Amino acid sequence: MDFIDKLKQFSKRVESLKDNIQTEEATKTSLIMPFFSLLGYDVFNPDEFIPEFTADVGIKKGEKVDYAILQDGKPVILIEAKWIGEKLEKHDSQLFRYFATCKAKFAILTNGQYYRFYTDLEEPNKMDETPFLDIDLLALKETQVVELKKFCKENFNEAEIFDAASELKYTYEFRKKFSNELQNPSDDLVRFFLNSIYDGMKTANVIDHFRPVLKKALNGYISELMNDRIQSALSSDSQETAAKPAPETEVQPEVETPAASKIVTTEEEKEAYFIVKNLLKETVPPSDITYKDTASYFNILYQNNTWRWICRLKLSDSRKLLIIPDENKKEQIFPLDDLYDIEKYKDQLTEVLKRYMK
């Protein structure tokens with residue numbers, strides 16, 4: 001089984017167990033230790049994976065970090081573990097203190113679902129305030145899987161990971177900033193666009209007035225750009241197909257096959273359904289989100305009503321497309337690098353659902 005398949009399988013384990021885990025210790029034994037075992041570490045070998053690793057902090061002696069991973073007898077990764085129900089933000093300062101006391105180059109803060117990876121890019125031997133890799137096991141992205149694979153025991157190379165960490169960190173921050181600006185344009189961004197098209201005073205009221213206008217314009221432009229590229233690709237494929245001569249084959253007698261028997265719902269389609277269902281669980285009961293597979297696309301529905309389709313997916317090895325209806329049921333087409341890109345469209349999917357609920 002490939003590493004990404006193992007991770008996806010483990011993700012399902014996290015999803016099924018997380019609501020029943022009530023303590024930090026249960027989180028460690030049922031999720032965190034199995035995760036590092038998946039990465040190839042012998043979690044029961046104290047020469048490789050040490051629980052309660054001593055990390056003296058200043059005048060405090062005997063301070064312990066939950067786990068340390070050793071390489072050649074020296075700690076290379078510190079791991080601070082929390083209960084799966086805890087938010088991680090308030091605990092990074094604790095890990096910060098531990099990091100300064102030993103020579104480990106990497107630190108991981110986790111609650112069994114979220115894993116935050118830190119190093120010392122900004123100042124030697126001082127842990128950065130922001131992680132260079134931030135992973136949610138219930139929303140895995142293929143690009144993150146590639147980076148996570150570097151932390152497998154058989155692949156671990158401290159120098160190579162550190163060299164890649166800087167680009168990863170700033171790429172993550174840029175994408176996060178861009179995503180935030182698309183969802184809620186900042187005053188600076190609104191002002192930047194207004195400077196060249198609006199001659200009046202850029203007061204707070206003016207900024208607030210144009211903020212939703214800019215949001216709509218930016219997201220609309222990106223959608224149009226993607227649609228144009230998709231239509232161009234589809235048109236190119238159609239032309240290539242039409243240009244190919246039909247292969248000479250022996251004519252076989254037609255055998256009638258019911259349409260339904262030709263439709264096979266793939267594991268990838270089921271996974272997409274699970275992702276959408278999870279994204280919308282705060283809006284409606286999960287049982288209200290259903291699906292219907294067709295020969296042309298995979299349909300995700302509200303209350304099993306084909307007139308109330310939330311989105312459609314076309315998934316193949318070469319192309320993954322997400323289709324979302326606008327207010328007039330016109331198809332908006334979005335390309336996906338991987339299934340977990342569906343998360344980016346949570347707001348649009350929620351808006352569609354709310355239209356059906358009125």
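The structure contained in this document is the topic of the report that follows. Predicted model only: the values in this text are computed from it and were never measured.

1. Re the overall build of the protein chain
- Secondary structure summary: the protein chain contains nine helices and 11 strands in total.
- The proportion of buried residues among the 358 residues of the protein chain is 40%.
- Per element, the accessible surface of the protein chain, about 21,200 Å² overall, is 51% carbon and sulfur.

2. A short note on the environment of aspartate 66
- You can see aspartate 66 is positioned in strand E2 (residues 64-71).
- For aspartate 66, a relative accessible area of 7% translates into the label buried.
- With 13 residues separating them along the chain, aspartate 66 and isoleucine 79 place their C-alpha atoms 6.0 Å apart.
- Discounting chain neighbours no more than four positions away, the residues touching aspartate 66 are Glu24, Lys28, Ile50, Pro51, Glu52, Phe53, Ile79, Glu80 and Ala81.
- Reaching out from aspartate 66, the side chain makes a polar contact with the side chain of lysine 28 at a distance of 2.8 Å.

3. Details of the pattern of salt bridges
- Evaluation of the coordinates by the stated rule reveals 19 salt bridges.
- With its nearest N and O atoms 2.8 Å apart, the salt bridge here joins lysine 28 to aspartate 66. Placement of lysine 28 in helix H2 (residues 24-38) and of aspartate 66 in strand E2 is noted, with a sequence separation of 38 residues between them.
- The partner of aspartate 341 in a salt bridge is lysine 344, with the nearest N and O atoms 3.6 Å apart.
- Taking the relative accessible area as the measure of exposure, aspartate 341 reaches 5% and is therefore buried.
- Several salt bridges converge on common partners, so that one network encompasses Glu24, Glu25, Lys28 and Asp66.

4. Describing the sheet that holds strand E8 (residues 298-302)
- Reading across from one edge, E7-E8-E9-E10-E11 is the order of the five strands in this open sheet, with antiparallel pairing throughout. The sheet is open, and its two edges are formed by strand E7 (289-293) and strand E11 (331-335), each paired on a single side. Sheet twist, expressed as the average angle between the axes of neighbouring strands with direction ignored, equals 30°.
- Both strand E10 (residues 320-325) and E11 contribute to a ladder of five bridges, which runs antiparallel. Bridge pairing in E11 links isoleucine 323 to isoleucine 333.
- Relative to strand E9 (residues 305-315), helix H9 (residues 346-357) is tilted by about 165°, and along the sheet it contacts E7, E8, E9 and E10.

5. Side note on helix H4 (residues 142-149)
- Among the residues of H4, those classed as buried are Gln144, Val145, Glu147 and Leu148. The buried residues of H4 all sit within an arc of 165° when viewed along its axis, so they share a single face. H4 presents Thr143 and Val146 as exposed residues on the side facing more than 90 degrees away from its buried surface.

6. Focus: the nonpolar core
- Grouped together as the largest cluster of nonpolar side chains are 67 residues, with contacts concentrated most on Phe36, Ile77 and Leu313.
- At six residues, the largest contribution of residues to this core is made by H2.
- Excluding residues within four positions of it along the chain, isoleucine 77 makes contact with Tyr41, Tyr67, Ala68, Ile69, Ala104, Phe106, Ile108, Phe151 and Phe156.
- Counting residues in hydrophobic clusters, the runner-up holds 15 residues, among them Val65, Leu78, Leu88 and Cys102.

7. A few points about the packing of helix H1 (residues 3-17) against H2
- Two numbers describe how H1 lies on H2: the axes approach to 11 Å, and their chain directions differ by 175°. Regarding the angle of H1 to H2, the classification is roughly antiparallel. Along its contact with H1, which presents Phe3, Lys6, Leu7, Phe10, Arg13, Val14 and Leu17, the element H2 presents Ser30, Leu31, Pro34, Phe35 and Leu38.
- Class assignment for the residues of the contact of H1 with H2 results in nine nonpolar, one polar and two charged.

8. A look at the packing of aromatic side chains
- Here the structure, examined in full by the defined rule, presents 18 aromatic pairs.
- When the centroid spacing of 5.3 Å and the interplanar angle of 85° are considered together, the rings of phenylalanine 35 and phenylalanine 36 count as edge-to-face.
- Of the residues examined, phenylalanine 36 reaches a relative accessible area of 1% and is grouped as buried.
- Every member of this aromatic cluster is reached through a ring pair, and the members are Phe10, Phe35, Phe36, Phe49, Tyr67 and Tyr115.
- Geometry around phenylalanine 162 places lysine 105 over its ring, the cationic atom sitting 4.6 Å from the centre.
- The ring of tryptophan 309 carries the charged tip of arginine 312 above its face, separated from the ring centre by 3.8 Å.

9. Some remarks on the side chain of lysine 141
- Inspection of the secondary structure puts lysine 141 in the loop between strand E6 (133-136) and H4.
- In terms of polar contacts, lysine 141 uses its side chain to reach the side chain of glutamate 343, at 3.4 Å.
- Residues in contact with lysine 141, not counting those within four places in the same chain, are Asp338, Tyr340 and Glu343.

10. Regarding the pairing of E10
- Counting buried positions along E10 gives six out of six residues, so the element sits mostly inside the fold.
- Residues Lys320, Leu322 and Ile324 line one face of E10 and the alternating positions Leu321, Ile323 and Pro325 line the opposite face, and both faces are buried.
- Of the strand pairs in this sheet, E9 and E10 are connected by four bridges, and their pairing is antiparallel. The partner of lysine 314 across the bridge, within E10, is leucine 321.

11. What to know about the sheet that holds strand E3 (residues 74-81)
- If you walk across this open sheet you meet the six strands as E1-E2-E3-E4-E5-E6, and the pairing is mixed. This sheet does not close on itself; its edge strands, each paired only once, are strand E1 (49-54) and E6. The mean angle between the axes of side-by-side strands here comes to 25°, regardless of whether they run parallel or antiparallel.
- Here strand E4 (residues 106-110) runs beside strand E5 (residues 114-118); their pairing, made up of four bridges, is antiparallel. Bridge pairing in E5 places threonine 110 opposite tyrosine 115.
- Running at roughly 115° to E6, H4 makes contact with E5 and E6 of the sheet.

Calculation rules
- Residues numbered from 1 in each chain as written.
- Predicted model: local features only at pLDDT ≥ 70, side-chain atom pairs only at ≥ 80, totals over all residues.
- Heavy atoms only, no water.
- Helix = DSSP H or I, 4+ residues; strand = E, 2+ residues; numbered from the N terminus.
- Buried < 20%, exposed > 50% of the residue type's maximum accessible area, 1.4 Å probe, protein only.
- Areas by Shrake-Rupley, 256 points an atom, 1.4 Å probe, with all protein chains shown as cover.
- Contact = heavy atoms within 4.5 Å.
- Polar contact = N/O pair within 3.5 Å; in protein donor to acceptor, adjacent residues only side chain to side chain.
- Salt bridge = Lys/Arg side-chain N within 4 Å of Asp/Glu carboxyl O.
- Pairing = 2+ DSSP bridges.
- Axes fitted to C-alpha atoms, helices over the stretch in contact; angles between N-to-C directions.
- Arc of directions from axis to C-beta.
- Core = buried A, V, L, I, M, F, W, Y, C linked by side-chain atoms within 4.5 Å.
- Parallel < 35°, antiparallel > 145°, perpendicular 65-115°, else oblique.
- Nonpolar A, V, L, I, M, F, W, Y, C, P; charged D, E, K, R; others polar.
- Phe/Tyr/Trp six-rings, centres within 6.5 Å; stacked < 30°, edge-to-face > 60°.
- Lys NZ or Arg CZ within 6 Å of the ring centre and 35° of its normal.

Don't take any of this as a statement about function, it's just geometry.
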